[in-house]
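Chain residues, written in single-letter form:
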Amino acid sequence: GVLDLSAMDSPEALSGIRRIANVGVILVPQPLIQKLSAIPMQNVGTTIPVPAGAKLRAFTGTTILSGEALANPDGDPAEVLLVTGSLAITSPVRKVGYQQAIISGSVIAPEGSEVALGTGISRMTGSLTYYPYTEGSAVRVRTGFQQVSGPDLANPAGRETDILLSLGTLAITSPVERLGYQHLVVDGTLIAPPGSEAA
């Protein structure tokens, strides 16, 4: 998935690498980009240069964060945030408190985050999508392949203001008579039985 070369501190450190193959993302310090480009590569997705000596806060795979976490309130503002994979944000982003925010993958965030993410993301490869959000809503996140019944989507233990966010495939196993969420947001595939259309 990820080849992390960000700790390499000189071109000589890469001299032992003869070939790179079948890697989704390569992280490399900016000063070593030229040396890396001379190495034969096959089936490499993307190369992400990071500032030399930067402190990385890295997330790989499916990551779920609140908007407040992206503000990095108690962290070092010189840190670099790196996300490779999908990032789901469960509350509006008011500020991105990192020196750089580098994302390789898809991001889904609540409406109201457009300004902060637009100015705070330094580099991005992938898609950025916004979903409807009302202040104070609780966002429930499901990832991967999920099966739910129609009665589950009535949200019997929750509130009408809740939002269900599905990343991947959401398969509904019985007809939906009532949707007990303010919004059902699917970033992937929704499979539902006949009789669920109206709900």
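Residues numbered from 1 in each chain as written. Predicted model: local features only at pLDDT ≥ 70, side-chain atom pairs only at ≥ 80, totals over all residues. Heavy atoms only, no water.

A. Structural view of the overall build of the protein. Looking only at helices and strands, the protein features three helices and twelve strands. Dimensions of the protein, computed from the C-alpha atoms along their principal axes, are close to 65 × 35 × 20 Å. In the protein, buried positions account for 40% of the 199 residues. Long-range contacts, defined here as pairs at least 24 residues apart, represent 36% of the contacts in the protein between residues at least 6 apart. When the accessible surface of the protein is summed, it comes to about 10000 Å², and 51% of that surface belongs to carbon and sulfur atoms. Counting 12 positive and 16 negative side-chain charges, the protein places the centres of these two groups 7 Å from one another. (Helix = DSSP H or I, 4+ residues; strand = E, 2+ residues; numbered from the N terminus. Buried < 20%, exposed > 50% of the residue type's maximum accessible area, 1.4 Å probe, protein only. Contact = heavy atoms within 4.5 Å. Areas by Shrake-Rupley, 256 points an atom, 1.4 Å probe, with all protein chains shown as cover. Lys, Arg positive; Asp, Glu negative; His and termini not counted. Charge placed at Lys NZ, Arg CZ, Asp CG, Glu CD.)

B. Seen up close, unusual backbone geometry. A positive phi angle is found at Asn-72, which is not glycine, with a value near 50°. Mapping Asn-72 onto the fold places it in the loop between helix 2 (67-70) and strand 5 (80-89). Notably, Asn-155 is not glycine yet its phi reads approximately 55°, a positive angle. With respect to the helices and strands, the residue Asn-155 is situated in the loop between strand 10 (139-148) and strand 11 (163-172). Residue Asn-155 is classed as buried on the basis of its relative accessible area of 7%.

C. Focus on the side chain of Ser-91. Residue placement: Ser-91 occurs in the loop between strand 5 and strand 6 (100-104). Polar contacts involving the side chain of Ser-91 include one to the main-chain amide nitrogen of Gly-67, which spans 2.9 Å. Residues in contact with Ser-91, not counting those within four places in the same chain, are Ser-66, Gly-67, Glu-68, Pro-110, Ser-113 and Tyr-133. (Polar contact = N/O pair within 3.5 Å; in protein donor to acceptor, adjacent residues only side chain to side chain.)

D. Molecular detail of empty space enclosed by the protein. Under the criterion given, the structure shown has one cavity of 30 Å³ or more. If you add up the space inside the largest cavity, you get close to 50 Å³. For the lining of the largest cavity, the secondary structure elements donating two or more residues are strand 5 and strand 6. Counted by class, the lining of the largest cavity contains eight nonpolar, no polar and no charged residues. (1 Å grid on protein atoms, 1.4 Å probe; cavity = no way out; pocket = protein on both sides within 12 Å on 5 of 7 lines; lining within 4 Å. Points joined across faces, edges and corners; volume = space filled by probe spheres on them. Nonpolar A, V, L, I, M, F, W, Y, C, P; charged D, E, K, R; others polar.)

E. Region of interest: the nonpolar core. Counting 16 residues, the largest nonpolar core has Leu-70, Leu-87, Ile-89, Val-93 and Leu-117 as the members making the most contacts within it. Breaking this core down by element, the ones donating at least two residues are strand 5, strand 6, strand 7 (107-110) and helix 3 (114-120). Looking at which element gives the most residues to this core, the answer is strand 5, with four residues. If near-sequence neighbours (up to four positions away) are discounted, Leu-117 is found in contact with Leu-70, Ile-89, Val-93, Val-96, Ala-109, Leu-128 and Tyr-130. (Core = buried A, V, L, I, M, F, W, Y, C linked by side-chain atoms within 4.5 Å.)

F. Seen up close, the sheet that holds strand 11. Here three strands make up an open sheet; going across it, the order is 10-11-12 and the pairing parallel. Here the strands that pair on one side only, and so sit at the sheet edges, are strand 10 and strand 12 (183-191). Taking each pair of neighbouring strands and ignoring which way they run, the sheet shows an average axis angle of 15°. Pairing between strand 10 and strand 11: ten bridges, direction parallel. Pairing of Arg-140 across the sheet is with Leu-164, part of strand 11. (Pairing = 2+ DSSP bridges. Axes fitted to C-alpha atoms, helices over the stretch in contact; angles between N-to-C directions.)

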